[in-house]
Amino acid sequence: MKDSINPQDILKIFEKHGYITHYFANISDANSYFESAIRNKSVGAGGSVTIAQMGLLEILSKTNKIYSHGYSKDPSDIAKAATADVYLTSANAISATGEIVNIDGRGNRISATLNGPSEIYFICGTNKIEPDLPQALWRAKNIAAPKNAQRLRKKTPCAAKADKCYNCSSPDRICRATCIYTHPLTSAPAHIVLIDEPLGY
Ligand code: SF4
């Protein structure tokens, strides 16, 4: 995040676009919110590093049914997550102009955030903020994707050093669809949760 960008000002832009917004100074405050806001629901998630760093699924599993292949290691959770009451995800980048960018290889995260669950939460550390959409797209492609390719041990040119995108044609390529969310979909209310800490990639 650039120092000149105020996270709370950015959330006002997202509110204008129709998102429900939340700002938390740290993970602990965010987790307290989720613990009281989400109870007795089915909760879907993918393999988000941000959500894993928060320990959020462990907390929510006390009062909810969790469907996340990244958490359970059960591939059948992918389909169940797509129709859960609540879907939790992070983003590869968000812009100060009010857009969210996600790049998927499998497509489960993008598809679940477009249609299926009854409520969507995008949870992001302030490290995901870029000044505008072109720089958010650049971040998703040259920072988030290579680091994810490295984490997932993909055989791609970016995975070795996680330094930049090489626009590969590898069978292991994880960049297969890029979604730019300009506004919440009409299928479900969507929240932006901004946590003032670096989280995920
Ligand atoms: S297109 Fe290929 S090289 Fe570029 S980030 Fe995606 S997987 Fe890595």
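For the structure itself, consult the block above.
Residue positions are given per chain, counted from 1 along the sequence in the order it is written. Per-residue local features of the predicted model are confined to residues with pLDDT of at least 70, and side-chain atom pairs are confined, for both listing and counting, to 80 or more; whole-chain, interface and lining totals are unaffected and use all residues.

**Student:** Residues and numbers for the site of the ligand, please.
**Tutor:** Any residue whose C-beta atom, as set from the backbone, lies within 6 Å of a molecule or strand is reported as near that molecule or strand. Lining the immediate environment of the ligand, one finds 15 residues, of which Ala-145, Cys-158, Cys-165, Cys-168 and Cys-175 sit closest. For this classification, the nonpolar set comprises Ala, Val, Leu, Ile, Met, Phe, Trp, Tyr, Cys and Pro, the charged set comprises Asp, Glu, Lys and Arg, and every other residue, Gly included, is treated as polar. Across the shell around the ligand, the residue classes tally to 10 nonpolar, three polar and two charged.

**Student:** An account of unusual backbone geometry is requested, with residue identities and associated values reported.
**Tutor:** Positive phi outside glycine occurs at Arg-153, with the angle close to 55°. Its location among the elements puts Arg-153 in the loop between α8 (133-151) and β9 (177-181). A positive phi angle, near 45°, is found at Asn-167, a position not held by glycine. Among the structural elements, Asn-167 can be located in the loop between α8 and β9. With C-beta atoms placed from the backbone, a residue is buried if 20 or more other C-beta atoms are within 10 Å of its own, exposed if 12 or fewer are, and partly exposed between those counts. Under the C-beta neighbour-count criterion, Asn-167 is labelled exposed, with 10 such atoms within 10 Å. Segments assigned H or I by DSSP are reported as helices when at least four residues long, segments assigned E as strands when at least two residues long, and all are numbered from the N terminus.

**Student:** Explain the environment of Ile-143 to me, and be specific about the residues and the numbers.
**Tutor:** By secondary structure assignment, the location of Ile-143 is in helix α8. Note on Ile-143: 20 C-beta atoms within 10 Å, which makes it buried. Each C-alpha atom, one on Ile-143 and one on Cys-158, is 9.8 Å from the other, the two residues being 15 residues apart in sequence.

**Student:** Quick rundown of the sheet that holds strand β7 (residues 119-125)? Include the residues and the values.
**Tutor:** Any two strands are treated as partners once DSSP identifies two or more bridges connecting them. Taken together, six strands build an open sheet; the order of strands is β1-β10-β7-β4-β2-β3 and the sheet is parallel. At either end of the open sheet lies a strand with only one pairing partner, and these are β1 (20-24) and β3 (65-68). For this sheet, the mean angle separating the axes of adjacent strands, direction not counted, is 20°. In this sheet, strand β10 (residues 190-195) lies alongside β7 in parallel orientation, the contact comprising six bridges. For Ile-120, the partnering residue across the bridge sits in β10 and is Ala-190. Throughout, a residue-residue contact means that the two C-beta atoms, derived from backbone geometry, are no farther apart than 7 Å. To define axes, lines are fitted to C-alpha atoms, for helices over the stretch in contact only, and angles between the resulting N-to-C directions are given on a 0 to 180 degree scale. On top of the sheet, helix α1 (residues 7-16) reaches β1 and β10; it is set at about 170° to β1, its chief contact. Running over the sheet, helix α2 (residues 27-37) touches β1 and β10 and is turned about 135° from β1.

**Student:** An account of the nonpolar core is needed here, citing residue identities and associated values.
**Tutor:** A general trend in soluble globular proteins is that nonpolar side chains are found buried together. The term nonpolar core means buried Ala, Val, Leu, Ile, Met, Phe, Trp, Tyr and Cys residues held together as one set by C-beta atoms within 7 Å. Counting residues in hydrophobic clusters, the biggest one holds 54 residues, and the most contacted among them are Leu-88 and Phe-122. Per-element tally for this core: the top contributor is α8, with six residues. When residues no more than four places from it in sequence are discounted, the contact partners of Phe-122 are Thr-89, Ser-90, Ala-91, Ile-100, Ala-190, His-191, Ile-192 and Val-193.

**Student:** Account for the sheet that holds strand β6 (residues 100-104), naming residues and giving values.
**Tutor:** What the four strands build is an open sheet, ordered β8-β5-β6-β9; its pairing is mixed. Edge strands, defined here as strands with exactly one partner in the open sheet, are β8 (129-130) and β9. Bridging between strand β5 (residues 93-95) and β6 involves two bridges; their strand directions are antiparallel. The residue bridging Ile-94 from the neighbouring strand is Ile-100, located in β6. Set on the sheet, α8 makes contact with β5, β6, β8 and β9; between it and β5 the angle comes to about 165°.

**Student:** So what's going on with the pairing of strand β4 (residues 86-89)? Which residues, and what values?
**Tutor:** Neither face of β4 is exposed, since Val-86 and Leu-88 on one face and Tyr-87 and Thr-89 on the opposite face are all buried. Both strand β2 (residues 42-45) and β4 contribute to a ladder of three bridges, which runs parallel. In the sheet register, Ala-45 faces β4, and the bridge partner there is Leu-88. Of the pairings in the sheet, the one linking β4 to β7 comprises four bridges and is parallel in character. Within β7, the position partnered with Leu-88 by the bridge is Tyr-121.

The values are spatial; any link to function lies outside them.
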